[in-house]
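Spelled out from the first residue to the last, the chains are:
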Amino acid sequence: MQQEIPYKIYLEETELPKSWLNLRAFMQKKPAPLLDSETMQPITLEKLSTVFCDELAAQELNDTDKYIPIPQEVVDFYKMYRPAPLVRAYCLEKALGTPAKIYYKFEGNNTSGSHKLNSAIAQAYYAKEQGLKGVTTETGAGQWGTALSMACSYFGLDCKVFMVKCSYEQKPFRREVMRTYGANVTPSPSTTTAVGRRILEEFPGTNGSLGCAISEAVETASGLEGYRYALGSVLNQVLLHQSVIGLETKAALDKYGVKADMVIGCAGGGSNLGGLIAPFMAEQLEGKAKYQFIAVEPASCPTLTRGKYAYDYCDTGKVCPLSKMYTLGSGFIPAASHAGGLRYHGMTSTLSELYDQGLMEARSVKQTDVFAAAEQFARVEGILPAPESAHAIRVAIDEAMKCKESGEAKTIVFGLTGTGYFDMMSYEKFHDGKMTDYIPTDAEIEKGLSGLPKI
Ligand SMILES: *Cc1c(COP(=O)(O)O)cnc(C)c1O
């Protein structure tokens, strides 16, 4: 007999994962190695350690250890806001009249308002362990910058954040949250770095981009004694830390004997999705189960659905190592009307490889449809979702409606990565009917791809 599923499945504190799951170690065909931008050869640990702190550089290159223990200090911090609940969306199911069973993993229960804190605390911990003074980073919408600021203040590290200029101006409250945690916040592009000055010269009046802010943060870290760079998505190390999301989700489902049919997540750089699917995909790669995995991206930044699988720079300034990934080209900047986050030009190498192998699907969705889903969800489930998260909601609802037509009672699990309190200007545009859908033309996509390095 099946137990009745509660609205929220909470794990006990003692059930928190003790190790992260390294998905690449389960893959037979591994993602291609990072390339050194100077030699175009696979990057060495030594070289990578000049950018990231030592332990994180080692994690970045590790594709053999299936599990990596979570340091006790990180587990102790996780206890402040984890385990995160897995919620059965009974109210949404009822509103949709679907036989599907919908679950979402909610990562918005911390001040950063997103899953980013899961990796921020790990990255700050290893920096502290190494005796560093501080870290630099970029932030787009602001969640990552907030998360890293929180993590750095916890361990007594300095934190310098380059915030994409349009967000800096649109989201002054985000900036103040970061400053509350002691971070130093600079709008990007800035005149404080050579790459910032170069980009300002080339594109005067630019609103900035993630790729540009990354270059500024990397340059700043390399010029300061005792500093390293930290990145909130895309990297293998970030996917590794985010596996805590999937491990908890799977443990909660297993507790009630529930088997997911599909796992859905929004994909910007791919870290929450990579973390959410990790234990499910690992199980599938071991031939023990089968799932449908769906990555959801904005139609205005369609990395997987319209990009190319090729080596590319991770940043506009071309100072970072190159990664083989689905990409729109490091010079691609989504239209200014794009409100919903997920604006990175590339996709983490692990998800790129899984997608290329046909093990994961991808959908692109228009932002007005995304906000419609966000509102529909908020009205019945209560949580005000981040626009990024609402990409996953959109496809979860679409899939639940397909179940309604076919009469199938599929079990749908999606990642609700965060809350949208700082995105009310975008919600306002949507409510006032002023939100538009910009879909790049083939010529614009071609232009971005024409800038790919020839390797
Ligand atoms: C950063 C962020 C994302 C996208 O990043 P991924 O690395 O693709 O997970 C999604 N949702 C929220 C709330 C975020 O802050």
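Structure: see above.
What comes next is a walk through the structure. Fair warning: this is a prediction, and the values are worked out from it, not measured in the lab.

Calculation notes
Residues numbered from 1 in each chain as written. Predicted model: local features only at pLDDT ≥ 70, side-chain atom pairs only at ≥ 80, totals over all residues. Heavy atoms only, no water. Helix = DSSP H or I, 4+ residues; strand = E, 2+ residues; numbered from the N terminus. Rg over C-alpha atoms; globule rule 2.2 N^0.38 Å. Buried < 20%, exposed > 50% of the residue type's maximum accessible area, 1.4 Å probe, protein only. Near = heavy atom within 4 Å. Polar contact = N/O pair within 3.5 Å; in protein donor to acceptor, adjacent residues only side chain to side chain. Nonpolar A, V, L, I, M, F, W, Y, C, P; charged D, E, K, R; others polar. Pairing = 2+ DSSP bridges. Contact = heavy atoms within 4.5 Å.

### Here's the deal with the overall build of the protein chain
Each helix and strand counted, the protein chain has 18 helices and 15 strands in total. Its C-alpha atoms give the protein chain a radius of gyration of 20 Å, near enough to 23 Å, the size a compact globule of 455 residues would have. Expressed along its principal axes, the backbone C-alpha trace of the protein chain runs to roughly 65 × 50 × 45 Å. Out of the 455 residues in the protein chain, the part that is buried amounts to 63%.

### Focus on the site of the ligand
Around the ligand sit 17 residues, and of these Lys116, Ser233, Gly268, Ser271 and Thr417 come closest. Between the ligand and the protein, one listed contact pairs an oxygen atom with a backbone N or O atom of Gly268 at 2.7 Å. Here Gly269 contributes a backbone N or O atom positioned 3.1 Å from an oxygen atom of the ligand. Partitioned by chemical class, the residues of the shell around the ligand number four nonpolar, 11 polar and two charged.

### Section: the pairing of strand β13 (residues 322–327)
Where burial is concerned, most of β13 is hidden: five out of the six residues are buried. The pairing of strand β12 (residues 308–313) with β13 spans six bridges and is antiparallel. Directly across from Tyr311, in β13, lies its bridge partner Lys324.

### What to know about the side chain of Thr348
In this structure, Thr348 sits in the loop between β13 and α14 (349–356). Given a relative accessible area of 0%, Thr348 falls into the buried group. Non-local contacts of Thr348, meaning those with residues more than four positions away in its chain, are made with Val234, Leu235, Leu239, Gly269 and Gly270.

Function-wise, these values are silent; they only describe arrangement.
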